[in-house]
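Residue strings, one per chain:
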Amino acid sequence: MAILVAGGAGYIGSHVCKMLLQKGFDVVVYDNLVHGYRCFAQWGDFVQGDIGDQAQLDSVFSNFKIDVVMHFCAFIEVAESVIEPEKYYKNNVQNTITLLEAMRKHGINKFIFSSTAAVYGMPERTPIEEEDRKLPINPYGKSKLMIEEILDDYSSAYGFRSIRFRYFNAAGADPEREIGEAHVPETHLIPLLLDAAIGRRKDIKVFGTDYETQDGTCVRDYIHVNDLADAHIRGVDYLLDGGNTNYFNLGSGSGFTVREMIQTAKKITTKDFAVVETDRRPGDPPYLIACSDKAQKKLDWKLQHSLEDIIITAWNWHQTMAGRKLV
Ligand code: UDP
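First things first, this report covers the structure right here in the doc. Here the structure is a predicted model, which means the values were calculated and not measured. Per chain, residue numbering runs from 1 following the sequence as it is written. For this predicted model, a pLDDT threshold of at least 70 governs which residues receive local features, and a threshold of 80 or more governs which side-chain atom pairs are given and counted, while totals over whole chains, interfaces and linings are taken from all residues. With hydrogens and water excluded, all non-hydrogen atoms of the structure serve as input to the side-chain values.

**Here's the deal with the state of the cysteines**
In plain terms, the rule: In what follows, a disulfide is any cysteine sulfur pair within 2.5 Å.
In the structure shown here, the tally under the stated rule is zero disulfides. Residue C73 stays outside any disulfide, its sulfur separated by 11 Å from that of C17, the closest cysteine.

In structure tokens form, the structure reads like this:
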């Protein structure tokens, strides 16, 4: 069975490609390398292309017989999405429709979509279940929810079967240190903490200390990238076995505050660094914790990595990469 992984040269996509190949699937990475790295596309064939490029998609679907498409190539910066919504609606929505159309034209009807906890907006309760209110509060979250809804309509009208995985905070790295998290610019807490630990930044800022949480800082549910990858493999099997269009939260079910994350990072790295308390970052909900019971039941998915594993693997990767430029 062959899987086309759009965005397979990015952080989560590359981990999924590595696991797909280990499980015996054929892989075609399709990536425009705007945010992905050519050196991350080590597993399977590589085609440089954009999901908005109809002709290029036609060519890749003609050259390879693809059974399932996975889609990881979205813009993901919440703050940027507020300032430049067009960029988000164009890539995350319009270009995704172009990809779906190319799939239909070539008779491919199985699709796995990277969605996000941001579709819930400010959650009404925690842990969040899949049926809870979805009211995204920024263009990034809205763009993901739009595609989720489009996929429902494609399912009813065209028999197009899809899975939408709503990731909570993806983190950690390949234990073999071949790939890891490296966004430009970096805005995510764990890589920033490790940058501070390694001395590449002078401090870490805590965005808000007056939330109604146990220590005043935001609580997030961090999930190892290989636990996400494992869910994707199960998702492929589910669709190949005839499973219906569905959606799943993917998180660990445990929450950690920013202060707890700082403490754990200092303990694991054995490095001290300065911590600066600053104002809240606009749009941050106090709690984001997943209930992932549905994925556990329907996909027989089991969490294999703890928060310690997340930070240890991320730290190992960070040290391996220190000072190297990824291309
Ligand atoms: N955060 C922080 N300082 C930073 C980056 C992030 O205090 O330099 C906080 C952020 O406000 C959030 C949590 O850490 O509560 C995780 O943020 P991240 O950007 O990693 O992921 P998000 O939850 O926004 O998807």
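**Section: the site of the ligand**
What counts here: We define proximity as follows: a residue is near a molecule or strand when any one of its heavy atoms falls within 4 Å of that partner. Here a polar contact is recorded for every N or O atom pair within 3.5 Å, except that within protein the pair must consist of a potential hydrogen donor and a potential acceptor, and residues adjacent in sequence are included only if both atoms are side-chain atoms. Working definition of accessibility: Shrake-Rupley area with a 1.4 Å probe, residue cover restricted to the visible protein chains. Here a helix means four or more residues in a row that DSSP labels H or I, a strand means two or more in a row labelled E, and each is numbered from the N terminus. Polar here means any residue other than Ala, Val, Leu, Ile, Met, Phe, Trp, Tyr, Cys and Pro, which are nonpolar, and Asp, Glu, Lys and Arg, which are charged; Gly is therefore polar.
In the vicinity of the ligand, 14 residues are found, and the nearest of them are L189, K205, R220, R281 and D284. The contact in question runs from an oxygen atom of the ligand to an N or O atom on the backbone of L189, over 2.8 Å. Within the complex, the protein chains bury 87% of what would otherwise be the 510 Å² of accessible surface of the ligand. The element contributing the most residues to the shell around the ligand is strand β8 (residues 203-207), with three residues. Along the lines of polarity and charge, the residues of the shell around the ligand split into seven nonpolar, three polar and four charged.

**Thoughts on the nonpolar core**
Basically, it comes down to this: Only buried Ala, Val, Leu, Ile, Met, Phe, Trp, Tyr and Cys residues count toward a nonpolar core, and they belong to the same one when joined by side-chain atoms within 4.5 Å. Categorising residues by exposure relies on relative accessible area from a 1.4 Å probe, with only protein chains included: less than 20% of the type maximum marks a residue as buried, more than 50% marks it as exposed, and the intermediate range marks it as partly exposed.
Grouped together as the largest cluster of nonpolar side chains are 43 residues, with contacts concentrated most on I12, L20, M70 and F165. Broken down by element, this core gets its largest block of residues, eight residues, from helix α7 (residues 225-240). One finds F61, L100, A102 and F160 within the second-largest nonpolar core, a separate group that totals 25 residues.

**Things to note about the packing of helix α4 (residues 85-105) against helix α5 (residues 139-158)**
The criterion, for reference: Lines fitted to C-alpha atoms define the axes here, with helix axes fitted over just the stretch in contact, and angles between the N-to-C directions of these axes take values from 0 to 180 degrees. Small angles under 35 degrees read as roughly parallel and large ones over 145 as roughly antiparallel, with 65 to 115 read as roughly perpendicular and the rest as oblique. The sense of a crossing depends on the near helix, which, turned anticlockwise from the far helix by less than a right angle, makes the crossing left-handed and, turned clockwise, makes it right-handed. Contacts were defined at the residue level, with two residues in contact if any of their heavy atoms lie within 4.5 Å.
Running from N to C, α4 and α5 point in directions that differ by 20 degrees, and their axes come no closer than 9 Å. With respect to their mutual orientation, α4 and α5 come out roughly parallel. As for how α4 packs across α5, the hand of that crossing is right-handed. Taking contact as the criterion, the partners of P85, Y88, Y89, N92, V93, T96, I97, L100, E101 and R104 in α4 are, on α5, P139, Y140, K142, S143, M146, I147, I150, L151, Y154 and Y158. Here the contact of α4 with α5 is composed, by residue class, of 14 nonpolar, three polar and three charged.

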